[in-house]
Number of protein chains: 2
Amino acid sequence: MSQNADAAQPHPKSRGAARRAMRRGPTIDDVAELAGVSRGTVSRVLNGARYVSPAALKAVERAVRTTGYTVNQSARSLVTKQSNAVAFVLSEPQERLFEDPNFSVLLRCCTQALAEHDISLILMLESSDAERDRVLRYVRGGHVDGVLLISAHSGDPLVADLARGVVPAVACGRPGGPESAIPYVAAEDTEGARQMTRHLVAQGRRRIGMIACPQVVGGPERLRGYRDVLGRRALKRLVVHTSDYSFAAGAAAMRELLAESPDIDAVFAASDLLAAGALAELRRAGRRVPDDVAVGGFDDSRIARETDPPLTTIRQPLERVAADMVDVLLRLIRREPASSRLLPTELVRRESA
Amino acid sequence: MSQNADAAQPHPKSRGAARRAMRRGPTIDDVAELAGVSRGTVSRVLNGARYVSPAALKAVERAVRTTGYTVNQSARSLVTKQSNAVAFVLSEPQERLFEDPNFSVLLRCCTQALAEHDISLILMLESSDAERDRVLRYVRGGHVDGVLLISAHSGDPLVADLARGVVPAVACGRPGGPESAIPYVAAEDTEGARQMTRHLVAQGRRRIGMIACPQVVGGPERLRGYRDVLGRRALKRLVVHTSDYSFAAGAAAMRELLAESPDIDAVFAASDLLAAGALAELRRAGRRVPDDVAVGGFDDSRIARETDPPLTTIRQPLERVAADMVDVLLRLIRREPASSRLLPTELVRRESA
DNA sequence: TTGAAAGCGCTAACAA
DNA sequence: TTGTTAGCGCTTTCAA
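Residues numbered from 1 in each chain as written. Chains lettered and ligands numbered in written order. Predicted model: local features only at pLDDT ≥ 70, side-chain atom pairs only at ≥ 80, totals over all residues. Heavy atoms only, no water.

Per an unreviewed UniProt entry, the recorded name for chain A is LacI family transcriptional regulator, and the organism is Phytohabitans suffuscus.

Next comes the structure, spelled out in structure tokens:
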């Protein structure tokens, strides 16, 4: 109590001095002493509180509160071999993705969902080779309990590692290549694309082009959906491929489409950003939207409401994608069964089509 | 060498069995054994390599490589009391900020800069009270070596903690309130606003309005710069306040401005997003930009190039802001002196003004 | 320049 | 239900 621990125990056994010098908080021993129980009991209440008498429980809880105790994660991890952290890795030149409003909501929702489980999100980029190496070492080193993989590229050694089960992982969108050993969560891209294409057809549009992006997650499915509905009307010259989901790529693609097929009367862009670029190009070319040409997007991201005219688009339930990714990952970490999930999309009608 | 450690040492001293059961990587002892040196020597080469003979150094390096050893951060942290991680905390209802393209580049650049120092970035949101609590506990618990504070709000208990030096911290933009005990990195907002306002004046604009956002980081300075240049010409009815840097707020503000001052011939918006909203509203109102009214933004974010017409704006060197934040934080962590930094802005002329 | 040994704070197995 | 104890893998004195 009023005893001075330093004076009483000048021996190395006295932990107090060193700790205080380090300006660290109270340890489990401090709590135990104050609560008048053993360290083991404190540990038990900290984890689940099984086999603890109500009296002990109360005493410990009080002691925790009055000391302001927080567990030392490092010490805990050292023994449990769990870090209580997961990596959120962007396995693609990130500039592109960081530009995408979808990415932000994914990141935000994942962070939130993890926080509810007291798990930290560690953001890692994989753009340069050096970064790739670092991520690989980090994951292999067991620094995280799991990985949220954002834009999986099948050539990535990390993807190979994860497919081999080095550490639990969940991808956003079906990872390319045969490595679909990694479970994933995604929107029903194919069906979404069908919804949009059907909508365009129902509007009486005859020459419906597509700005596709088959290299990027979700891209192949969206192109397939378009083709499913149009069949032979999906003329080769009506679909142009871009290498990413950017505004600039959308504008360039639209220009090409206009040059190849001046009689085009509708365009389905594989993402809202692409559609926004197309819109800009159409205005430049003097075509009215939707009067001359209708434009459909995909995502229902923020920009869909900010373009002129606002975009008719396919809503992807990204908040749910994020929540489900976290849910699946946590199950995997707990070694519970969990598998890929596909979430439904929805047509959102605005003014562009 | 070819000895089987398990067979040779059936005693508890044999760490091999337990480790292997856990599917963990090699430990420092494995490296030491393979290199034929003691654990202490391995540790020395791992950290700085002082007082190590060239022979030992080489042997250890080889052993590290062949075993694929990675240090166990938890074990290291337990003794060094350093986590090698910093928190990136968003101390504001995040939806707003996540919507802001500036935020993305800040996050990306900070992650990159930290990765170069092998430090992880832990993303934390502070929107709900529960989250606020969690962040506070986390930081106080010593889980991170430092904090990058994104949108400091003076009422925040975390800000108070950080100002008291609980853990090193750097803010982005001057933290509101008297808590400027926290060093910060920011653009020269005031001067930037002056540049834009002078530009508008030089264009012969007579009635120059402003869409200001004095509640948010950088906002007060930008408003001051506008007033510095305009003096008494900064009529009350020419400046409207918004509560955030969003597209919607920009549109609403522009509507108000148009209603109050139909003769307005220029607008300086405190952010590009705000300017984009204003542009949309102007088009709706049938005003041509820049012919009827010139529009100036602030940030030079991605959208400045995507609006119609592209925005004339003030470039904020966000990549450098991020790099400097990390630099200052690392100095602080190393207990080196470091103080706030202000970075120069630049006028970028496009078509809107 | 090196090795031995003492912990860092915690969990988990075991005995009581 | 509880206390005791043996490590988790590492850094860091301290001697040698």
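That covers the picture; the talk isn't over yet.
Let's shift gears to the UniProt feature "domain: HTH cro/C1-type" (unreviewed entry) in chain A. In the numbering used here, UniProt assigns the feature "domain: HTH cro/C1-type" (unreviewed entry) to residues 27-63 of chain A. In this annotation, residues 27-63 of chain A is assigned 70% helix and 0% strand; the end-to-end C-alpha distance for the span is 11 Å. (UniProt positions renumbered as here; feature names shortened; annotations may be inferred. Helix = DSSP H or I, 4+ residues; strand = E, 2+ residues; numbered from the N terminus.)

Tracing the chain through its elements places Asn102(A) in helix H8 (residues 101-115). Sequence-distant contacts of Asn102(A), that is, excluding residues within four places in its chain, are made with Asp299(A), Ser301(A), Gln316(A) and Leu318(A). (Contact = heavy atoms within 4.5 Å.)

Quick look at the protein's contact with DNA strand D now. Thr41(A), Ser53(A), Ile28(B), Arg39(B) and Tyr69(B) are the nearest of the 30 residues found near DNA strand D. Backbone sugar and phosphate groups make up 62% of those atoms of DNA strand D lying within 4 Å of the protein. Ser53(A) has a polar side-chain atom sitting 2.3 Å from a phosphate oxygen of DNA strand D. Ala75(B) places a main-chain nitrogen or oxygen 3.3 Å from a base nitrogen of DNA strand D. Elements supplying a minimum of two residues to the surface near DNA strand D: helix H4 (39-46) and helix H6 (73-80) of chain A together with helix H4 (39-46) and helix H6 (73-80) of chain B. (Near = heavy atom within 4 Å. Polar contact = N/O pair within 3.5 Å; in protein donor to acceptor, adjacent residues only side chain to side chain.)

With that settled, the discussion passes to the relation of the copies chain B and chain A. In screw terms, the move from chain B to chain A is a rotation of 180 degrees and a rise of 0.0 Å along the axis, fitting with an RMSD of 0.1 Å. The operation mapping one copy onto its partner corresponds to a two-fold rotation axis. (Least-squares fit on C-alpha atoms with pLDDT ≥ 70 in both.)

This part is about the packing of H8(A) against helix H15 (residues 318-333) of chain A. Residues and elements named next belong to chain A. At a minimum axis distance of 8 Å, the contact between H8 and H15 shows a crossing angle of 45 degrees. With respect to their mutual orientation, H8 and H15 come out oblique. Between H8 and H15 lies a crossing of right-handed hand. Each of Asn102, Val105, Leu106, Cys109, Cys110, Ala113 and Leu114 in H8 lies in contact with H15, whose residues at this interface are Leu318, Glu319, Val321, Ala322 and Val326. When the residues that make up the contact of H8 with H15 are grouped by side-chain class, the tally is ten nonpolar, one polar and one charged. (Axes fitted to C-alpha atoms, helices over the stretch in contact; angles between N-to-C directions. Parallel < 35°, antiparallel > 145°, perpendicular 65-115°, else oblique. Left-handed = near helix turned anticlockwise from the far one by under 90°. Nonpolar A, V, L, I, M, F, W, Y, C, P; charged D, E, K, R; others polar.)

Sheet architecture is open: twelve strands sit in the order E11(A)-E5(A)-E4(A)-E3(A)-E1(A)-E2(A)-E2(B)-E1(B)-E3(B)-E4(B)-E5(B)-E11(B), paired in mixed fashion. Each of the sheet's edge strands pairs with one partner strand only, and the pair in question is strand E11 (341-343) of chain A together with strand E11 (341-343) of chain B. With direction set aside, neighbouring strand axes in the sheet form an average angle of 20 degrees. In the packing of H15(A) onto the sheet, contacts are made with strand E1 (85-90), strand E3 (146-149), strand E4 (169-172), strand E5 (184-187) and E11 of chain A, and the angle to E4(A) comes to roughly 165 degrees. (Pairing = 2+ DSSP bridges.)

Moving on, we come to the UniProt feature "domain: HTH lacI-type" (unreviewed entry) in chain A. UniProt feature "domain: HTH lacI-type" (unreviewed entry): in the numbering of this structure it lies at residues 26-80 of chain A. Counted over residues 26-80 of chain A, helix gives 69% and strand 0%. Its end C-alpha atoms are 21 Å apart.

Here the focus is the pattern of salt bridges. Close approach of charged atoms lets side chains of opposite charge pair. Residues and elements named next belong to chain B. What the rule picks out here adds up to 58 salt bridges over all chains. With a closest N to O distance of 3.6 Å, Glu191 and Arg198 form a salt bridge. Relative accessible area serves as the criterion here: at 25%, Glu191 is assigned to the partly exposed category. We classify Arg198 as partly exposed; its relative accessible area is 41%. For Arg284, the salt bridge identified is with Glu281, shortest N-O distance 2.8 Å. (Salt bridge = Lys/Arg side-chain N within 4 Å of Asp/Glu carboxyl O. Buried < 20%, exposed > 50% of the residue type's maximum accessible area, 1.4 Å probe, protein only.)

Let us look at the interface of chain B and chain A. Facing 41 residues of chain B, the contacting portion of chain A comprises 41 residues. Of the roughly 4,000 Å² buried between chain B and chain A, counting both surfaces, carbon and sulfur atoms make up 56%. Considering only the side of chain B, the residues that lose the most area to chain A are Lys81(B), Arg108(B) and Arg134(B), jointly responsible for 14% of the buried surface there. The interface formed by chain B and chain A contains six salt bridges. The partner of Arg283(B) in a salt bridge is Asp308(A), with the nearest N and O atoms 2.5 Å apart. Examining the composition of the side of chain B that touches chain A, we find that six residues originate from one element, helix H8 (residues 101-115) of chain B, more than from any other. Split into classes, the residues belonging to the side of chain B that touches chain A amount to 14 nonpolar, 14 polar and 13 charged. (Buried area = accessible area lost by both parts, 1.4 Å probe.)

With that settled, the discussion passes to the environment of Ala32(A). All names here are of chain A. Inspection of the secondary structure assignment puts Ala32 in helix H3 (residues 28-35). Ala32 gets classed as buried once you look at its relative accessible area, which sits at 5%. As for Ala32 and Ala63, which are separated by 31 residues in sequence, their C-alpha atoms are 7.8 Å apart. Excluding residues that lie within four positions of it along the chain, Ala32 makes contacts with Val37, Ser38, Arg39 and Val42.

All names here are of chain A. In total, this model carries four aromatic pairs over all chains according to the counting rule given. Taking 6.4 Å as the distance between ring centres and 35 degrees as the angle between the ring planes, the aromatic pair formed by Phe268 and Phe298 counts as tilted. Residue Phe268 is found in strand E8 (residues 266-269), and its partner Phe298 is found in the loop between strand E9 (294-296) and strand E10 (313-315); the two are separated by 30 residues along the sequence. The exposure class assigned to Phe268 is buried, which follows from its relative accessible area of 0%. Under the relative-accessibility criterion, Phe298 is labelled buried at 0%. Directly above the ring of Tyr51 sits Arg50, whose terminal nitrogen or CZ lies 5.9 Å from the centroid. Geometry around Phe298 places Arg222 over its ring, the cationic atom sitting 4.0 Å from the centre. (Phe/Tyr/Trp six-rings, centres within 6.5 Å; stacked < 30°, edge-to-face > 60°. Lys NZ or Arg CZ within 6 Å of the ring centre and 35° of its normal.)

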